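Listed here are the chains, written in short residue letters.
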Amino acid sequence: MLEYVNQDDHSDFGISELSTFRVKEGLAEMLVGGVIMDVVDATQAKIAEDAGAVAVMALERVPFDIRRDGGVARMSDPALIEEIQAQVTIPVMAKARIGHFGEAQILQVLEVDYIDESEVLTPADEEFHIDKWSFRVPFVCGATNLGEALRRISEGAAMIRSKGEAGTGNVVEAVRHLRSITRDIRSIGQASQSELYGWAKELRAPIALVQRVRELGRLPVPLFCAGGIATPADCALVMSLGAEAVFVGSGIFKSENPQARASAIVEATAHYKEPEIVAKVSRGLGMAMSGQEVSKLEVRLAERGW
Amino acid sequence: MSAQLNIGVLALQGDWRKHFAILEECDVTPVEVRDPSDLSSIDGLIIPGGESTTMSMLIKSSGLEEPLAKMLKNDMPVFGTCAGMILLASKVIDGRSDQIRFGVLDAVVRRNGFGRQVASFEEEVDIEMIGPDPMRAVFIRAPLVEGTGPNTQILARCASQIPVVLRQRNALGCSFHPELTEDFRLHKMFISIAQDSNNVVLPFSKD
């Protein structure tokens, strides 16, 4: 028989600290090796959780549709986010516009588990990103290179993802961003102390963070990949290039068979070192989302933010 | 003394690399466990933090469920942190009905029982068995232990008196993440459980 343990009051956090950076970054660590899926309603959220997603990103339109529709893309309707929160037990993330701390405050009230200050939405501030230290909810931000990643971390981001080129089904930009970040991390590992000041200047990033990168041989927070991932093989590719987890936006629900593709993408991400498994799960998934050539795009989302 | 201990780390999803690095520091041989063939050499297993629903599905799809259940039933030493503890528990509330419950810890756990990420916290926890100094415990969307069986020892409670470290025979579980700090004492305790288990033939069998 199980004894009942008194649990009527754990609200008295006398000696505990909420929302420390370790707690914020810690959640990102828990998502490592997993797939975060964009979902636009509770039905999709359920499919994502059933397929083994580690988290979902709740939004009104996936990047593919944002691109197609044009206009200003904003934070999702709180009712939609709540509907998705009620559906799943895994973490729920949501996007705020770059610099739009008003939207971020609403997302914090909704108790989303991570806020993505995202270039996929239309930027609200051309000068400043959100001061992420002032929030209890952790933030993830996109980056195209190491300097951008370190500037976002200096503002309080607890997770970095490549920007890639969202909504294109084309992984080439995500690969460029990942390679750029990991190449510079390797170079900094070889740099002398005096060269580090040069790196800080070139990257336009705080010297303390540049030093930290050299000590760790990686970013001070987890590095995930996002933007244009459409197939299990894409996941295996970016994981092998140093991503620790993947965000898949339009790639799942804009494909012919979302359930099968979602499961396959989860398996391929976990087993990215085993091509036999990636081959096995890649069979018979139906059509992937239609891709777009990056050079033919009217809007380059990755150029938003700085 | 026995040969070097091989401690497996379930490496399908979650912060398994953190555990792996700590095991290296603790002078045992860590082994990445992703499919059944990885189980042959291990003397114990760590199930890391992560998403228990995802890990559960990946354990099934990689064919690990059956062999692992068998080894755990035969008292293989196992240490589960957060999601890992959820997988070891006998009953899970607010989980998916199809998620794995190895049941080596006779306990009822509620997934995310402390609340969403905004309620995640760290605090000092006293764990008598590892020494007088408290441990900095990091709780992230942590499971809440709501009940324990008569054979489950409660090794520590948090400030609100909720049990946070449990042991039953060779199974150890904690609802926080010792792998996110520099304090390796719980890992060392687990290693000594694994050492004892592998050096000594238990004079009793599991009933």
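See above for the structure.
**Q** Could you give me a rundown of the overall build of chain B, with the residues and numbers involved?
**A** Each helix and strand in chain B was counted, giving five helices and twelve strands. Since a compact globule built from 207 residues should have a radius of gyration of about 17 Å, the 16 Å found for chain B is in line with a globular shape. Considering only C-alpha atoms, chain B reaches an extent of 45 × 40 × 35 Å along its principal axes. Taking all 207 residues of chain B together, 63% fall into the buried category. A separation threshold of at least 6 residues defines the contact pool for chain B, and within that pool the share at least 24 residues apart is 64%. Within the structure as shown, chain B displays about 7,600 Å² of accessible surface, and the carbon and sulfur contribution to it stands at 46%. Counting 20 positive and 27 negative side-chain charges, chain B places the centres of these two groups 7 Å from one another.

**Q** Mind laying out the interface of chain A and chain B, listing which residues take part and the relevant values?
**A** Contact with chain A, which involves 50 residues of that partner, is made by 57 residues of chain B. Taken over both partners, the interface formed by chain A and chain B buries close to 4,400 Å², and the fraction arising from carbon and sulfur atoms is 54%. Taken together, chain A and chain B are joined by seven salt bridges. For the salt bridge of D113(A) with R141(B), the shortest nitrogen-to-oxygen distance reads 3.1 Å. Put simply, chain A and chain B have 21 residue pairs in polar contact (both at pLDDT 80 or more) between them. At the level of secondary structure, the elements contributing two or more residues to the side of chain A that touches chain B comprise β1 (3-4), β2 (17-18), α1 (21-30), α2 (42-51) and α12 (258-270) of chain A. Per-element tally for the side of chain A that touches chain B: the top contributor is α1(A), with seven residues. Broken down by class, the residue content of the side of chain A that touches chain B amounts to 22 nonpolar, 13 polar and 15 charged. With two bridges joining them, β2(A) and strand β7 (residues 121-125) of chain B adopt antiparallel strand pairing. Looking across to β7(B), one finds that E17(A) is bridged to E122(B).

Thresholds, definitions, all that
Residues numbered from 1 in each chain as written. Chains lettered and ligands numbered in written order. Predicted model: local features only at pLDDT ≥ 70, side-chain atom pairs only at ≥ 80, totals over all residues. Heavy atoms only, no water. Helix = DSSP H or I, 4+ residues; strand = E, 2+ residues; numbered from the N terminus. Rg over C-alpha atoms; globule rule 2.2 N^0.38 Å. Buried < 20%, exposed > 50% of the residue type's maximum accessible area, 1.4 Å probe, protein only. Contact = heavy atoms within 4.5 Å. Areas by Shrake-Rupley, 256 points an atom, 1.4 Å probe, with all protein chains shown as cover. Lys, Arg positive; Asp, Glu negative; His and termini not counted. Charge placed at Lys NZ, Arg CZ, Asp CG, Glu CD. Buried area = accessible area lost by both parts, 1.4 Å probe. Salt bridge = Lys/Arg side-chain N within 4 Å of Asp/Glu carboxyl O. Polar contact = N/O pair within 3.5 Å; in protein donor to acceptor, adjacent residues only side chain to side chain. Nonpolar A, V, L, I, M, F, W, Y, C, P; charged D, E, K, R; others polar. Pairing = 2+ DSSP bridges.

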